[in-house]
Amino acid sequence: MVKDKTAQIIQARERLAQQVPDPTLVLAGSLMKRMIRCNKPGCRHCEKGQGQGHGPIWILSVSLGSRRVRQIPVPAHLKQEVEEGIRRYAEIQKWLKQVSRLSVDLLEERKKR
Ligand SMILES: [Zn+2]
């Protein structure tokens, strides 16, 4: 027996709901690279018009809502973990959209009867 479309969508959604990415590491923010200038006279890294400055250093930018942003320097040994958290956040957002897409399909299907 062929299952009807509604049952198929419900089943697909249940399957997807069980595949939620582990949210433990989730981190909502973005990592930015920045060079810094030491302002020491004669520093060849910071000479005006030349030199790239020192670094890079990494800054995590976190939105606090209503256009406020917090910027947090990230030491090199924690960078990988921060990147993983940001990646996980994106994965979960993608997963949520997929679940939602099925919910929309289901709504359309149920309206047909
Ligand atoms: Zn310098």
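This text follows the structure it describes.
Residues numbered from 1 in each chain as written. Predicted model: local features only at pLDDT ≥ 70, side-chain atom pairs only at ≥ 80, totals over all residues. Heavy atoms only, no water.

Enquirer: What am I meant to see in helix H1 (residues 5-17) here?
Expert: Helical geometry: 3.6 residues make up each α-helical turn, so side chains three or four residues apart lie on a common side. In this model, H1 (13 residues) spans 18 Å end to end at C-alpha, consistent with the 18 Å of a helix rising 1.5 Å per residue. All buried positions along H1 are accounted for by Thr6, Ile9 and Leu16. The buried side chains of H1 occupy one side of the element, clustering within an arc of 95° when seen end-on. Of the surrounding secondary structure, the elements contacted by the buried residues of H1 are helix H2 (76-111). (Helix = DSSP H or I, 4+ residues; strand = E, 2+ residues; numbered from the N terminus. Expected span 1.5 Å × (residues − 1). Buried < 20%, exposed > 50% of the residue type's maximum accessible area, 1.4 Å probe, protein only. Arc of directions from axis to C-beta. Contact = heavy atoms within 4.5 Å.)

Enquirer: Sorry if this is basic, but what is going on with H2 here?
Expert: Between its first and last C-alpha, H2 extends 54 Å over 36 residues, near the 52 Å set by a 1.5 Å rise per residue. What H2 keeps buried is the set Val82, Gly85, Arg88, Ile92, Trp95, Val99, Leu102, Leu106 and Glu109. Turning to H2, the residues buried within the fold contact H1, strand S1 (30-36), strand S2 (54-65) and strand S3 (68-74).

Enquirer: Even after reading the chapter, I still don't get the pairing of S3, so can you show me in this structure?
Expert: Note on strand geometry: in a regular strand, side chains alternate between the two faces of the sheet. Pairing geometry for S2 and S3, over seven bridges, is antiparallel. Note on S3: the bridge partner recorded for Leu60 is Ile72. Counted between consecutive antiparallel strands, the loop separating S2 from S3 contains two residues, among which Ser66 sits at a positive phi close to 40°. (Pairing = 2+ DSSP bridges.)

Enquirer: Looking at this model, I keep getting lost on the nonpolar core. Mind explaining?
Expert: The nonpolar side chains of soluble globular proteins are, as a tendency, buried together. Grouped together as the largest cluster of nonpolar side chains are seven residues: Ile9, Leu16, Ile92, Trp95, Val99, Leu102 and Leu106. The set of elements that each furnish at least two residues to this core consists of H1 and H2. A total of five residues in this core trace back to one element, the largest contributor, which is H2. (Core = buried A, V, L, I, M, F, W, Y, C linked by side-chain atoms within 4.5 Å.)

Enquirer: Looking at this structure, how should I read the pairing of S2?
Expert: Sheet topology note: the S1/S2 ladder contains six bridges and is antiparallel. What sits directly across from Met32, in S2, is Ile59.

Enquirer: Got a minute to help me understand the sheet that holds S2 in this structure?
Expert: Backbone hydrogen bonds are what pair the strands of a sheet, in a parallel or an antiparallel way. Read from one edge of the open sheet, three strands run S1-S2-S3, paired in antiparallel fashion. Bordering the open sheet on either side are S1 and S3, each of which pairs with just one other strand. On average, each strand axis in the sheet is tilted by 35° relative to the strand beside it, whichever way the strands run. Lying on the sheet, H2 is in contact with S1, S2 and S3; it crosses S1 at an angle near 150°. (Axes fitted to C-alpha atoms, helices over the stretch in contact; angles between N-to-C directions.)

Enquirer: It is not clear to me how the coordination of the zinc ion should be interpreted in this structure. Could you clarify?
Expert: Ideal geometry at a metal gives 109.5 degrees between four tetrahedral donors and either 90 or 180 degrees between six octahedral ones. Those protein atoms acting as donors to the zinc ion are Cys38 (SG), Cys43 (SG), Cys46 (SG) and His54 (NE2), and they sit at 2.0 to 2.4 Å. Taken together, the four donor atoms coordinating the zinc ion span angles of 102 to 115° at the metal, a pattern that classifies the geometry as tetrahedral. Linear spacing of the donor residues for the zinc ion on their chain is C-x4-C-x2-C-x7-H. Of this pair, Cys43 sits in the loop between S1 and S2 while His54 is found in strand S2, placing the two residues 11 residues apart along the sequence. Classification of Cys43 by relative accessible area gives buried; the value is 15%. Relative accessible area serves as the criterion here: at 27%, His54 is assigned to the partly exposed category. (Donors = N, O, S within 2.8 Å, 3.2 Å for Na, K, Ca; no water. Tetrahedral: all angles 85-135°; square planar, octahedral: opposite > 155°, others 65-115°.)

All we've got here are geometric facts, nothing functional implied.
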